[in-house]
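# Structure at a glance
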Amino acid sequence: MLDKRYDHKIFEPKVQQKWAAEQTYSADNNSGPLYTIDTPPPTVSGSLHMGHIFSYTQTDVIARYKRMNGFSVFYPFGFDDNGLPTERYVEKKKKVSAHKLGRSAFIELCLQETHEVEEQFKLLWQQMGLSVDWDLCYSTISVSTRKLAQESFIKLYKKGFIYRKHEPALYCTTCRTSVAQAELDDIEQNSFFNDIVFKDSEGNDLVIGTTRPELLPSCVALLYNPKDERYQHLKGTKATVPLFDFAVPILADDAVVIDKGTGLVMCCTFGDKTDIAWFKKFNFSYKKTIDFDGTCTEIAGQFAGLKVAEARAKIIETLREQGLLLNQRAISHAVNVHERCKKEIEYIALEQWFLNILDHKKKLLALADDIAWYPSFMKARYKDWVKNIGWDWCLSRQRFFGIPFPVWHCQDCNQMLFADTSELPIDPQEVACTKVCTTCGSTNTVPDTDVMDTWNTSSITPYILAQLYAPSSTPFAEKVPQFLPMSMRPQAHDIIRTWAFYTIVKSWMHHDIAPWNEIVISGHVLSDANQKLSKSQGGGKLAPETLLEQYPADAIRYWTASGGLGYDVAYSESQLKVGLRLITKLWNAFRFIEEHIATVDPEQMPKHLGVVNEWILHQASDCFKKYKEQFENHEFGAALAVVEPFFWNDFCDNYLELIKNQLFNPQQYDEQQVIATRWTLYTIGLRFLQLYAPYLPHVTELLYESVYKNRLKIASLHQTRFADIQHAYVFDKSVVTMQAINSLAATVRKLKTERMLSLKAPLATLTVYAQDGAVIRALEQEQQMIIGITHAQDLKFNVVASLGESTLQEVDTLWHASVVI
């Protein structure tokens, strides 16, 4: 017997414990065709926020639908717990510096902290009711994942996709590592355009404009456009760099924009991508002004040791004192910053590992068409990103907590020595090289000290999951063909350029296929300030833990389902309250259902259902058809919008009101009619539980346990199948009749409400007028039900040529009503 009220603080943990104990969501306990989900492993870099709840719950809604739609859902979960994001989190939390603490001690600290955070994450996901198979859980720093990542690296190197080169790279001096193009953000920044005086070989002034005067020590040339008549006489001459008094060549190049600044520009190593292009084109020497820690090197002379901003200010001051700064103009311009720390990126040359992307852009664009994108316009975002990539993917990171490259380098000939597959995973800084250089025979080796970009591991999640899919005794080479492509990748739109793109790259390079059949893109949650929530903003009133104290998890899940795919939505407490009201309404409705279906035999469908029961079954079938159509396109919000009016209007407002008199006064009705109504009530209730189950798993599970479990003999509502319960019924004639009855009932309710009468106030007579004789004849068959819902003591029907307005007149203490339909 159901309690009078639903207490989520008591009932939700109880249901979660049941799911865990019974392994409700194990693929082994859910037969059917395999449906695999490449769920995003959340980055272990802080607390989770409502944006995570939003997107991960949407994935779970889809997973639950697929499971009830007959699939064996392979739904693992992972934690992305290696790389820069985790390092930054640990440094900030423990107030330590990785470089000062030392490699081994810092790695140990990261392992300890990530384990604690992962347990917190797991608890929150369980509280939200994610139907994950927690026996299928992985970590991107685990032994098996490290082995897989290192093996992938070696294979792609042997295939020719990976190369190592001393190359200018995007470098974050705050995070002390190189980064990839996908990790950059553009921000608008205030600066100054400085007109600085160089001298030509005859001592004449040459004015160049720059926003980076701190790079003067790295100047390697001045350039002008060969069509610029102002500088033709400088061809083949040299210029002297101010403050540093060394000469650089003056060259002509078409890339110089004539009408930008003075039309004369300096090339430094490196201020931007154009500098890098000239560096390679003219084979300039590399002069490093900015070091890895963001300070100026020795070639900066008196400015050595200063941070970039300090050096810039000091050099400008010195130029002004010496009369070499002619002008300064305030400007605002876009600069590249590292997405993690929001600090400006530098370009620094160093030995790095790269994955060749630029040579394969055409194929990577074509692969997008092998995947179904939801919503479809997100494919354009992917293609725009691929078209505009200007760098190969830099895999190297100069950090500690990550997956090492399984490589040593010969000191005598620079040959690279790769670990054998049988040795993986391996940390070359911890394990001495036992190999002899195949080029020069030397054993004088040093380990590679970089670690892999964290996306280099995340990009192989389909392969990590393939390992979990089949028993360990199955050779990996046999697992992949039967596992890829996976069914679905769910993710947010901001990581299309990273996670989606990189996974597509790896899957193609390894097996020449797209990694999934479908990709489902969620939006972000916006705060009150209309900004995307982040881990740093996730606390306070919007912290998931705080909201779970106030609201049931199911109410929060209801809110997440209100968002459409791919679109950002504002956090809405009012939507949480709507979800709470729905839970209460469901609970109360099933308390009524439970009371009246105790004697129902669900296997014995009555031969004669009656018009009201046929109508609600027809409506239920129509609802499920539309519901399924929306879910097949992953439009869970639109599917919910189909269920809501059916539940609130058709079922609660109309059907329950229409049958109450029959159930409370069964002696006034034919016994078989009452049996048919109880059977229909049983059937419709179960259908509703299934429809709401993906959204409200806790309350629907409890209702199922109390009302249906003993009869169906299935352990969980979430293991029932739509095909067994959502049978199609078509009763078109009953629908027409019920439209008239519902119209009649609504009109009487309105008349009584307008006159401030109780809805149970009796009517002495109720006269019903209609132009259609068939409608009148159908209504005459339902007199007892109409009397029950209108409380009419006398019921009359008339067919008329034309219809006037409804009337209600007082006669003695009773009322007489005339209703037209």
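Details of the structure are given in the entry above.
This structure is a prediction, so every number in the text was calculated from the model and none was measured. Residues take numbers from 1 onward in each chain, read along the sequence in its written order. In keeping with the model being predicted, local features are shown solely for residues with a pLDDT of at least 70 and side-chain atom pairs are shown and tallied solely at 80 or more, while totals for entire chains, interfaces and linings include all residues. Hydrogens and waters are ignored; side-chain quantities use all the structure's heavy atoms.

### A look at the packing of helix 16 (residues 553–560) against helix 21 (residues 697–707)
The description of two helices packed together rests on the angle between their axes and the distance between the axes. In plain terms, the rule: Fitting a line to C-alpha atoms yields each axis, with helices limited to the stretch in contact; the angle taken between N-to-C directions then spans 0 to 180 degrees. The helix and strand labels rest on DSSP assignments: H or I over at least four residues marks a helix, E over at least two residues marks a strand, and numbering proceeds from the N terminus. With respect to orientation, any angle under 35 degrees is reported as roughly parallel, any angle over 145 as roughly antiparallel, any angle of 65 to 115 as roughly perpendicular, and every other angle as oblique. It only takes one pair of heavy atoms within 4.5 Å for two residues to be counted as in contact. Polar here means any residue other than Ala, Val, Leu, Ile, Met, Phe, Trp, Tyr, Cys and Pro, which are nonpolar, and Asp, Glu, Lys and Arg, which are charged; Gly is therefore polar.
Their axes nearest at 7 Å, the elements helix 16 and helix 21 cross at an angle of 125°. In terms of orientation, helix 16 lies oblique with respect to helix 21. In this structure, helix 16 contributes Ala 553, Asp 554 and Arg 557 to the contact, and helix 21 contributes Pro 697, His 698 and Val 699. Of the residues contributing to the contact of helix 16 with helix 21, the split by class is three nonpolar, one polar and two charged.

### Re empty space enclosed by the protein
Selection criterion: We place a 1 Å grid over just the protein atoms. Points where a 1.4 Å probe fits but has no way out form a cavity, open points with protein on both sides within 12 Å along at least 5 of 7 lines form a pocket, and any residue with an atom within 4 Å of a point lines it. Grid points are joined across faces, edges and corners, and a volume is the space filled by probe spheres set on the points.
Counted under the stated rule, the structure contains four cavities of 30 Å³ or more. A volume near 60 Å³ is recorded for the largest cavity. Lining the largest cavity we find Ala 180, Gln 181, Ala 182, Ile 357, Trp 385, Ile 389, Trp 391, Asp 392, Trp 393, Arg 497, Phe 501 and Tyr 502. A total of three residues in the lining of the largest cavity trace back to one element, the largest contributor, which is helix 14 (residues 496–511). For the lining of the largest cavity, the class distribution of residues is nine nonpolar, one polar and two charged.

### Regarding the pattern of salt bridges
Worth spelling out the cut-off: Definition used for salt bridges: Asp or Glu carboxyl oxygen within 4 Å of a side-chain nitrogen of Lys or Arg. Exposure categories follow from relative accessible area, calculated using a 1.4 Å probe and restricted to protein chains: below 20% of the type maximum is buried, above 50% is exposed, and the middle band is partly exposed.
In total, this model carries 40 salt bridges according to the counting rule given. Note that Lys 280 and Glu 167 form a salt bridge whose closest N and O atoms lie 2.3 Å from each other. Within this pair, whereas Lys 280 is found in helix 7 (residues 273–282), its partner Glu 167 is found in strand 5 (residues 162–172), the two being separated by 113 residues in sequence. The exposure class of Lys 280 is partly exposed, given its relative accessible area of 45%. One network of salt bridges, with partners in common, ties together Lys 18, Glu 22, Glu 705 and Lys 709.

### Some points on the environment of Phe 797
Within the secondary structure, Phe 797 sits in strand 27 (residues 795–799). Under the relative-accessibility criterion, Phe 797 is labelled buried at 14%. Counting along the chain gives 28 residues from Phe 797 to Tyr 769, while the straight-line C-alpha distance between them is 6.0 Å. Setting aside anything within four residues of it in sequence, one finds Phe 797 in contact with Val 768, Ile 776, Leu 779, Glu 780, Gln 783 and Ile 786.

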